Amino acid sequence: MPKDIIVGVLALQGAFYEHFKLLNQAAAEVVLSNNRKWNFIEVRTTQELERCDALIIPGGESTAVSLVAARSNLLEPLRDFVKVRRKPTWGTCAGLILLAEAANRTKQGGQDLIGGLDVRVNRNYFGRQTESFEAPLVLPFLTPREDGVKNEPFNGIFIRAPVVEKLLPVIQGEQLEEAASDENVIAPAKEAEGDRAKDQVLQPVEVMATLPGRTRTLKEKVAAMGLKDDVGDIVAVKQGNVFGTSFHPELTEDARIHVWWLEQVKDMLGCEDGDE
Amino acid sequence: MAINNDGPSSTSTAANGTASHLPPTTSTNPPPTTTSTSSQPPSFTIKAGLAQMLKGGVIMDVVNATQARIAEESGACAVMALERVPADIRAQGGVARMSDPSMILEIMSAVTIPVMAKARIGHFVECQILEAIGVDYIDESEVLTPADMLHHVEKGGFRTPFVCGCRNLGEALRRIEEGACMIRTKGEAGTGDVVEAVRHMRTVTGEINRAKGMGEEELRVYAKELNAPFHLLKQTAELGRLPVVNFAAGGVATPADAALMMQLGCDGVFVGSGIFKSGDAVKRAKAIVQAVTHFRDPKVLAEVSSGIGEAMVGLNVGKMGEGEKLAGRGW
């Protein structure tokens, strides 16, 4: 009996039902071999997380999610999932914050991070709710359409959204240089287990999407980051098994990113247990 | 078995793409790096979207920065800034108004989670002020003394989204028609008695269930009966739930109360006087947050309900006169 691929959505707080709707749409398009099926589950406990092959950390309030995770004894198992076993994980908005190795503008006293992405995320970079916005995003990584027509831009929904403020050096262990600043919090180090997982750690951070027109605070840091002046604010990144978006695909009716990510999950798991 | 009818298999997301008829929305995207300089209000998706991010969370009433920090550390997904919690408004009487903006700003600078604030029913200038200082959500609330006995605020034109109270489906849909992007069942604020919150949630759910079985002709009649806009009633019947996020409010005092409301199908919980009028606010706040996440897990609920000090003393709603109830405010 071929095993289902179980994708969990962390359901501690936030917009998790919205992800299920798009995952179900996307599952119809991403066909698995050997009669395997997609199975999507809510994750609130270690036991539920243990069943998962891949995980989505949804939008919500990152401080609330982080505190509830800690009190539900899920923080370490999550780090184990993302950083030790290096299973496919995608974070949207609050999820991106939690998956960053470093973050700033967190609450007084900081907050716990899971880590996995060698980036520094600026929480609520785009401001309060009255500054929330929508913007068309060009996403070159989306699967090209079969009819050859250019992909429509994706409607990026940014709600009190964070941004990837800095790409950090890809290293094993903690981002100690980041910790030197009082403003930043960092994720604790976890050693990857197994060759495949170890490979993921040293993957480069890929910029997957930017907002056209670099804005505000990032402008002066462009040169220091060694990026071109016209690249724009970084709103989606990928490093090995970890993917993060600062916007909310789950608030649209557009399942293209979910389709792409399930393809990624399928590929990543394929090299692990393709013979099953 | 939970009564919550929303779930991964039968999910019907709130508000998504279903609200194009709601006034007034923008059909074009604002410029990518828009700020509050834009004169057009953000789309319904953006305004309702923040409420979607608050789901599965607890929004706590706070009267100063210290309480706001306690709420944030306990895992609240947002705070409601107000001068007096409902229990004190009841006890002290007098006219209850919008809070001093400087006090709200102090709370906004103390925490990084969203900050909501209350305006009086119909008092659109209080709403303009709250929008100007940049609160994340405005609650046009029956807990404050109404400023208009006939009209509610036209909420669609504001950049800041609104949450409003309801006792039944008709009231919820009238508020959504006016532009509310989030609903809370009213309950009876400041009592610590959950009975009215349950009544209002059961009423809304019962009315939605009735509407779900109706054809178009019947829905037209039912819309008149409920005094609700037909198009919103039809949308609600199709979705099988309110077209926006719906939190419970008014009387939640214990972790069990919070989980009860979640199992009855609400998306999250407002706790007003229940936390800071209890024996140990820190413990109780954390416990209610855990209860809302693990609302279907009686073992966790037993654990978090243990040794958290005394609940607020409370007022028995059954012994109150109709005139003393706040829920009757709103039209």
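Given the structure is predicted, the values throughout are model-derived calculations rather than measurements.

Draft legend 1. Seen up close, the overall build of chain B. A count of helical and extended segments in chain B gives 13 helices and eight strands. Classification of the 331 residues of chain B by burial places 63% in the buried group. Within chain B, residue pairs in contact and separated by at least 24 positions form 68% of the contacts whose partners lie at least 6 positions apart. Summed over its atoms, the accessible surface of chain B is roughly 11900 Å², and 53% of this surface lies on carbon and sulfur atoms.

Draft legend 2. How the structure looks around the pairing of strand β3 (residues 54-57) of chain A. Residue and element names in this part refer to chain A. Here β3 shows two buried faces, one formed by A54 and I56 and the other by L55 and I57. When strand β1 (residues 5-10) meets β3, the two strands line up parallel, connected through three bridges. In the strand pairing of β3, V9 is matched with I56. Sheet analysis places β3 next to strand β4 (residues 89-92), joined by three bridges and oriented parallel.

Draft legend 3. Spatial organisation of the environment of L139(A). Residue and element names in this part refer to chain A. Locating L139 in the fold gives a position in the loop between β7 (133-137) and β8 (154-158). A residue is classified by how much of its surface remains accessible, and L139, at 6% relative accessible area, is buried. It is 36 Å that separates the C-alpha atoms of L139 and G109, two residues lying 30 residues apart in sequence. Beyond its immediate sequence surroundings of up to four residues, L139 is in contact with F154, M208, A209 and I257.

Draft legend 4. Main features of the pattern of salt bridges. All told, the structure shown has 36 salt bridges over all chains when counted by the stated rule. Here E61(A) makes a salt bridge to R123(A), at a shortest N to O gap of 3.3 Å. You can see E61(A) sitting in the loop between β3 and α3 (62-71) and its partner R123(A) sitting in the loop between β6 (117-122) and β7, a full 62 residues away along the chain. R123(A) sits in the buried class, given a relative accessible area of 1%. Measuring nitrogen to oxygen at the nearest pair gives 2.7 Å for the salt bridge that ties R120(A) to E165(A). Of this pair, R120(A) sits in strand β6 while E165(A) is found in strand β9 (residues 163-167), placing the two residues 45 residues apart along the sequence. When its relative accessible area of 12% is taken as the criterion, R120(A) is described as buried. Note on E165(A): relative accessible area 3%, which makes it buried. Taken together, the salt bridges that share partners define one network made up of K107(A), R69(B), E72(B) and E73(B).

Draft legend 5. Structural context of a nonpolar patch on the surface. Together, F124(B), V125(B) and I129(B) give the surface a local cluster of nonpolar side chains, amounting to about 240 Å² of exposed area. Relative to the elements of secondary structure, V125(B) occurs in helix α5 (residues 124-133).

Draft legend 6. Spotlight on empty space enclosed by the protein. By the definition in use, this model includes six cavities of 30 Å³ or more. Size it by volume and the largest cavity reaches roughly 180 Å³. Lining the largest cavity are 22 residues; nearest its centre among them are D61(B), P86(B), A189(B), G250(B) and G272(B). Elements supplying a minimum of two residues to the lining of the largest cavity: β8 (268-271) and α11 (273-276) of chain B. When the residues that make up the lining of the largest cavity are grouped by side-chain class, the tally is nine nonpolar, eight polar and five charged. One number sums up the size of the second largest cavity: a volume of about 110 Å³. Together, 14 residues line the second largest cavity, and G60(A), E61(A), C93(A), N124(A) and R160(A) are the ones closest to its centre. Counting residues per element, the ones that place at least two in the lining of the second largest cavity are α5 (94-99) of chain A together with α1 (44-54) of chain B. Within the lining of the second largest cavity, the residues separate by chemical class into eight nonpolar, three polar and three charged.

Draft legend 7. Helix α9 (residues 230-239) of chain B, seen in detail. Residue and element names in this part refer to chain B. Extensive coverage of α9 is indicated by the burial of seven of its ten residues. Turning to α9, its buried residues number three or more, namely F230, L232, L233, Q235, T236, A237 and L239. Elements that come into contact with the buried residues of α9 comprise α6 (169-177), α7 (195-212) and α8 (216-226). Count one or two residues on from α9 and you reach G240, which has phi positive near 75°.

Draft legend 8. The nonpolar core, seen in detail. Residues and elements named next belong to chain B. Among the nonpolar cores identified, the biggest contains 91 residues, and I104, L130, M261 and V269 are the most heavily contacted of them. Considering every element that reaches this core, the biggest residue donor is helix α12 (residues 281-293), with seven residues. Contacts of L130, omitting those with residues within four sequence positions, involve M98, I104, A117, K118, A119, V135 and I138. Of all hydrophobic cores here, the second largest spans 48 residues; its members include A180, A228, L242 and F270.

Draft legend 9. Expanded view of the UniProt feature "active site" (unreviewed entry) in chain B. Residues and elements named next belong to chain B. Sites flagged by UniProt as "active site" (unreviewed entry) map to K118. By secondary structure assignment, the location of K118 is in strand β3 (residues 115-120). Setting aside residues up to four positions removed in sequence, K118 forms contacts with M80, A81, L82, M98, L130, D139, S141, V143 and L144. Engagement of the side chain of K118 in a polar contact is seen with the side chain of D139, the distance being 2.9 Å.

Draft legend 10. Summary view of the interface of chain B and chain A. Between chain B and chain A, the contact holds 53 residues from the first and 50 residues from the second. The interface formed by chain B and chain A holds five salt bridges in total. The shortest N-O distance in the salt bridge between E42(A) and R296(B) comes to 3.9 Å. Put simply, chain B and chain A have 25 residue pairs in polar contact (both at pLDDT 80 or more) between them. Mapped onto the side of chain B that touches chain A, the elements with two or more residues apiece are α1, α2 (65-74), α4 (101-110) and α12 of chain B. Ranked by the residues each element gives to the side of chain B that touches chain A, the list is headed by α1(B), at eight residues. Per-class residue counts for the side of chain B that touches chain A are 18 nonpolar, 25 polar and ten charged.

Draft legend 11. Representation of the packing of helix α10 (residues 255-263) of chain B against α12(B). Residues and elements named next belong to chain B. Following both chains from N to C, one finds α10 and α12 inclined at 25°, their axes separated by 8 Å at the closest point. In terms of their interaxial angle, α10 and α12 are classed as roughly parallel. The two elements α10 and α12 cross, and the hand of that crossing is right-handed. Residue-level inspection shows P255, A258, A259 and M262 of α10 in contact with α12, the latter providing R284, A287, I288, A291 and V292.

Draft legend 12. Structural detail: the UniProt feature "binding site: D-ribose 5-phosphate" (unreviewed entry) in chain B. All names here are of chain B. With numbering matched to this structure, UniProt assigns "binding site: D-ribose 5-phosphate" (unreviewed entry) to D61, G190, G251, G272 and S273. A maximum C-alpha distance of 12.4 Å among these annotated residues, which run over 213 residues, shows that they cluster at one spot. In the annotated set above, the residues contributing to the lining of the largest cavity are D61, G190, G251, G272 and S273. Tracing the backbone shows D61 in strand β1 (residues 58-62). When near neighbours in sequence (up to four residues on either side) are disregarded, D61 contacts Q67, M80, L82, V85, P86, V271, G272, S273 and F276. Looking at the secondary structure, you find G190 in the loop between β6 (182-185) and α7. You can call G190 buried: its relative accessible area is 10%. For G190, the contacting residues outside a window of four places in its chain are P86, A87, R90, S273, M312 and L315.

Parameters at a glance
- Residues numbered from 1 in each chain as written.
- Chains lettered and ligands numbered in written order.
- Predicted model: local features only at pLDDT ≥ 70, side-chain atom pairs only at ≥ 80, totals over all residues.
- Heavy atoms only, no water.
- Helix = DSSP H or I, 4+ residues; strand = E, 2+ residues; numbered from the N terminus.
- Buried < 20%, exposed > 50% of the residue type's maximum accessible area, 1.4 Å probe, protein only.
- Contact = heavy atoms within 4.5 Å.
- Areas by Shrake-Rupley, 256 points an atom, 1.4 Å probe, with all protein chains shown as cover.
- Pairing = 2+ DSSP bridges.
- Salt bridge = Lys/Arg side-chain N within 4 Å of Asp/Glu carboxyl O.
- Patch = residues over 30% accessible without salt bridge, like charges linked within 9 Å, V, L, I, M, F, W, Y side chains within 5 Å.
- 1 Å grid on protein atoms, 1.4 Å probe; cavity = no way out; pocket = protein on both sides within 12 Å on 5 of 7 lines; lining within 4 Å.
- Points joined across faces, edges and corners; volume = space filled by probe spheres on them.
- Nonpolar A, V, L, I, M, F, W, Y, C, P; charged D, E, K, R; others polar.
- Core = buried A, V, L, I, M, F, W, Y, C linked by side-chain atoms within 4.5 Å.
- UniProt positions renumbered as here; feature names shortened; annotations may be inferred.
- Polar contact = N/O pair within 3.5 Å; in protein donor to acceptor, adjacent residues only side chain to side chain.
- Axes fitted to C-alpha atoms, helices over the stretch in contact; angles between N-to-C directions.
- Parallel < 35°, antiparallel > 145°, perpendicular 65-115°, else oblique.
- Left-handed = near helix turned anticlockwise from the far one by under 90°.

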